[in-house]
Amino acid sequence: MAPPPSSRPRRSSAKPSRPGAPKRPRRTILPGLPESLAIVQRLARGLSGCFDVASIGDQVVRALTDELGLHSCSIMLLDAGGERVVNLSGASPTVPKTTQRSFRLGEGVAGIVAREGRAVRVDDTRLDPGFLKGPIPIRSLLCFPLFSGDRVIGVLNLSHPVQGFFTAEHEAAFSILSTTIGHLLAFARLQGELADLNRSLEAKVEAKTKESEASQQKLFQQEKLVSLGTLVAGVAHELNNKLVPLLAYSHVLAESPRSDEERRLVTAMASAATGAKQIVEGLLRFARQEPPRMSVMNWNDVIGDVVEWLPYRKDKPSITVRTVLDPDLPPVLGDAQQMGQVLINLINNAYDVMSDGGTLEITSRSRGARVEVDVSDTGPGIPPELLSKIFDPFFTTKEVGQGTGLGLSLCYGMVRTHRGEIEVQSRPGCTVFTVQLPRAPETSSRGADTHPREGPGGR
Ligand SMILES: Nc1ncnc2c1ncn2[C@@H]1O[C@H](COP(=O)(O)OP(=O)(O)O)[C@@H](O)[C@H]1O
Ligand SMILES: [Mg+2]
């Protein structure tokens, strides 16, 4: 292990030249302090506003090799773990890009400078045991620590194949340069980190805004359902009271009409009152939103039952029905009858919009802690401006008598009371309704599995 640089006579600590220090004879074309300072100033000006660490490194190295005629020069930065300095950029007239080198702290001159935080000048590398030979022939070396505040962030290496190339004057000039480069690099790094932080913050804010908009929308939808439910329940109850005598008397009258004309009229009245009562009952069902009778259920069974029932819609033989069911679908806790109603509503809507035929696909899958069912159709799609309305009670685009606009709001209410979600995605030619329910807890699914096998005397 090499002793620290200070113990070696040929390696001097590079400090700004002291006023009375003896001047070395000029053996090089390196400029003196004023010119070097001018170059430093030019460089710093050129770099202002550049926040890219690699590009700063590149510009510095190019300026030092081109303007000062240095043989080779490189910047090494401390890695994320703070254990090695790694080549950032390098240039040399003989080797166009210095090969990617890295040193552990304390290893080689660069590693020593990075660990100790002070500059080192080597006049003859052959006599310095700390120097590690690389691909470029180097005889004299100047290495400066780069600081961010009082923390070393890397090193600046200047080298030349001629022995004793660097003077104390150069040490002073480059010491100022290394301070400037250190600040610039630290600033660029900070800018980069700040930009990254900003980006992730913006993304987080955007995600949070979307999330809160969505939950606000859900809350709004629920509140709307609750208040509409109350209103509908009140109106339906009143209407029902008025319809009861109307129905009863029209039936009485229809039994003993005074003329054929009267029979026709009274029968029409009775049938209209029956229709009205059915509507009222539908409204009451909507308003009541019966609490679900929860048990462990498997969506695949519900889908299977509903699809079996589908052939009743023989009016659309041009519709192909496909099911893509996950055979390992985990069970959910739910009211199978209500979830069947949800499916039927979605399927009916899909059938209604595919007037010229198409494909209806029902898919089940497990997604994390939830189980999802998609009902997709190849119909015309839902215009974007209507997407926020379709779950509203009484919203329908169907002709009078064709739709009540209650199907989706009922689905919404039922799924929400199951602590699930119902969502829609639509574009022309493809509409997908997705129902998500939480998976049944492990214990309940095990209970459901074992229950049939366990009789009263079972273990
Ligand atoms: N699969 C679908 N494709 C296109 N539009 C749909 C689809 N499902 C529902 N809609 C739209 O949503 C509206 C509300 O649906 P719903 O609440 O079931 O009431 P209804 O079917 O009685 O109109 C429909 O009138 C229709 O405009
Ligand atoms: Mg409907």
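Quick note: structure is the one above.
The structure contained in this document is the topic of the report that follows.

What counts and how
- Residues numbered from 1 in each chain as written.
- Chains lettered and ligands numbered in written order.
- Predicted model: local features only at pLDDT ≥ 70, side-chain atom pairs only at ≥ 80, totals over all residues.
- Heavy atoms only, no water.
- Helix = DSSP H or I, 4+ residues; strand = E, 2+ residues; numbered from the N terminus.
- Buried < 20%, exposed > 50% of the residue type's maximum accessible area, 1.4 Å probe, protein only.
- Contact = heavy atoms within 4.5 Å.
- Areas by Shrake-Rupley, 256 points an atom, 1.4 Å probe, with all protein chains shown as cover.
- Axes fitted to C-alpha atoms, helices over the stretch in contact; angles between N-to-C directions.
- Parallel < 35°, antiparallel > 145°, perpendicular 65-115°, else oblique.
- Left-handed = near helix turned anticlockwise from the far one by under 90°.
- Pairing = 2+ DSSP bridges.
- Arc of directions from axis to C-beta.
- Polar contact = N/O pair within 3.5 Å; in protein donor to acceptor, adjacent residues only side chain to side chain.
- Near = heavy atom within 4 Å.
- Nonpolar A, V, L, I, M, F, W, Y, C, P; charged D, E, K, R; others polar.
- Salt bridge = Lys/Arg side-chain N within 4 Å of Asp/Glu carboxyl O.
- Expected span 1.5 Å × (residues − 1).
- Core = buried A, V, L, I, M, F, W, Y, C linked by side-chain atoms within 4.5 Å.
- Domains from an automatic or database assignment.
- Patch = residues over 30% accessible without salt bridge, like charges linked within 9 Å, V, L, I, M, F, W, Y side chains within 5 Å.

**A few points about the overall build of the protein chain**
Line of reasoning, step 1. When helices and strands are tallied, the protein chain shows 9 helices and 14 strands.
Line of reasoning, step 2. Expressed as a percentage of the 459 residues in the protein chain, the buried residues total 40%.
Line of reasoning, step 3. Long-range contacts, defined as pairs at least 24 residues apart, comprise 67% of the intrachain contacts of the protein chain with a sequence gap of at least 6.
Line of reasoning, step 4. As displayed, the protein chain has an accessible area near 25400 Å², and 56% of this comes from carbon and sulfur atoms.

**Quick look at the packing of helix H7 (residues 336–353) against helix H8 (residues 407–417)**
Line of reasoning, step 1. With their axes 9 Å apart at the nearest point, H7 and H8 run at an angle of 150° to one another. The angle between the axes of H7 and H8 places the two elements in the roughly antiparallel class. The two elements H7 and H8 meet at a crossing, and its hand is left-handed. Contact residues: H7 offers Gln 338, Met 339, Gln 341, Val 342, Asn 345, Leu 346 and Asn 349, while H8 offers Gly 407, Leu 408, Cys 411, Met 414 and Val 415.

**Thoughts on the sheet that holds strand E12 (residues 370–377)**
Line of reasoning, step 1. Strands sit in the order E9-E11-E12-E14-E13 across an open sheet of 5 strands; the sheet is mixed. Looking at the sheet topology across the chains shown, the edges are occupied by strand E9 (319–325) and strand E13 (421–427). Taken over all neighbouring pairs, the strand axes of this sheet differ in orientation by 15° on average, direction set aside.
Line of reasoning, step 2. Inspection of the sheet shows E9 paired to strand E11 (residues 358–367) by 7 bridges, in the parallel sense. Pairing of Val 324 across the sheet is with Thr 363, part of E11.
Line of reasoning, step 3. Its contacts with the sheet put helix H6 (residues 299–309) on E9, E11, E12 and strand E14 (430–438), and the angle it makes with E9 is roughly 165°.

**So, H6**
Line of reasoning, step 1. For H6, the set of buried residues is Trp 299, Asn 300, Val 302, Ile 303 and Val 306. Looking straight down H6, one finds its buried side chains confined to an arc of 160°; they lie on one side. Seen from the open side of H6, the exposed residues pointing more than 90 degrees away from its buried face are Asp 301, Asp 305 and Glu 308.
Line of reasoning, step 2. Where H6 starts, the residue carrying a side-chain oxygen 2.8 Å from the main-chain nitrogen of Asn 300 turns out to be Asn 298.

**A few points about the site of ligand 1**
Line of reasoning, step 1. Surrounding ligand 1, one finds 18 residues, the nearest of these being Asp 377, Thr 396, Thr 397, Lys 398 and Leu 408.
Line of reasoning, step 2. A distance of 2.7 Å separates a nitrogen atom of ligand 1 from a polar atom in the side chain of Asp 377.
Line of reasoning, step 3. Elements with a contribution of two residues or more to the shell around ligand 1: H7, H8 and E14.
Line of reasoning, step 4. Each residue belonging to the shell around ligand 1 can be placed in one class, and the counts come to 7 nonpolar, 9 polar and 2 charged.

**Observations regarding the pattern of salt bridges**
Line of reasoning, step 1. If you walk through the whole model with that rule in mind, you get 20 salt bridges.
Line of reasoning, step 2. For Arg 62, the salt bridge is made with Asp 58, and the minimal N-O distance between the two is 3.0 Å. Linking Arg 62 with Asp 58, this pair stays in helix H2 (residues 53–68), spanning 4 residues, or about one helical turn.
Line of reasoning, step 3. Its relative accessible area of 26% is what places Asp 58 among the partly exposed residues.
Line of reasoning, step 4. Across the pair Arg 416 and Glu 421 runs a salt bridge, and its minimum N-O distance is 3.6 Å.
Line of reasoning, step 5. Owing to a relative accessible area of 21%, Arg 416 belongs among the partly exposed residues under this scheme.
Line of reasoning, step 6. Overlapping salt bridges bring together Arg 365, Arg 367, Glu 372 and Asp 374 as one network.

**Looking at the packing of H6 against H7**
The description of two helices packed together rests on the angle between their axes and the distance between the axes.
Line of reasoning, step 1. With their axes 10 Å apart at the nearest point, H6 and H7 run at an angle of 50° to one another. Between H6 and H7, the interaxial angle falls into the category oblique. At the point where H6 passes H7, the crossing takes the right-handed sense. Side by side, H6 and H7 meet where Trp 299, Val 302, Ile 303, Val 306 and Trp 309 of the first sit next to Ala 336, Met 339, Gly 340, Leu 343, Ile 344, Ile 347 and Asn 348 of the second.
Line of reasoning, step 2. Grouping the constituent residues of the contact of H6 with H7 by class yields 10 nonpolar, 2 polar and no charged.

**Looking at H2**
Line of reasoning, step 1. In this model, H2 (16 residues) spans 22 Å end to end at C-alpha, consistent with the 22 Å of a helix rising 1.5 Å per residue.
Line of reasoning, step 2. Restricting attention to buried positions, one finds in H2 the residues Val 53, Ile 56, Gly 57, Val 60, Val 61, Ala 63, Leu 64, Thr 65 and Leu 68.
Line of reasoning, step 3. The positive-phi residue at the C-terminal boundary of H2 is Gly 69, with phi of around 70°.

**A word on the nonpolar core**
Line of reasoning, step 1. Formed by 49 residues in total, the largest nonpolar core has its most connected members in Trp 299 and Leu 360.
Line of reasoning, step 2. Examining the composition of this core, we find that 7 residues originate from one element, H7, more than from any other.
Line of reasoning, step 3. Both domain 2 (211–288) and domain 3 (295–448) contribute no fewer than three residues apiece to this core.
Line of reasoning, step 4. The residues touching Trp 299, leaving out its near neighbours within four places in the chain, are Leu 329, Val 332, Met 339, Leu 343, Val 371, Val 373, Val 435 and Leu 437.

**Quick look at the side chain of Ser 159**
Line of reasoning, step 1. Secondary-structure assignment places Ser 159 in strand E7 (residues 151–160).
Line of reasoning, step 2. Judged by relative accessible area, which is 3%, Ser 159 ranks as buried.
Line of reasoning, step 3. Contact partners of Ser 159, with chain neighbours within four places excluded, come to His 71, Ser 72, Ile 138, Ser 140, Leu 141 and Phe 166.

**A closer look at a nonpolar patch on the surface**
Line of reasoning, step 1. A surface patch of nonpolar side chains, about 270 Å² in accessible area, is lined by Leu 231, Val 235 and Leu 239.
Line of reasoning, step 2. Mapped onto the elements, Val 235 comes out in helix H4 (residues 168–255).
Line of reasoning, step 3. When its relative accessible area of 44% is taken as the criterion, Val 235 is described as partly exposed.

Worth remembering: the numbers are spatial, not functional.
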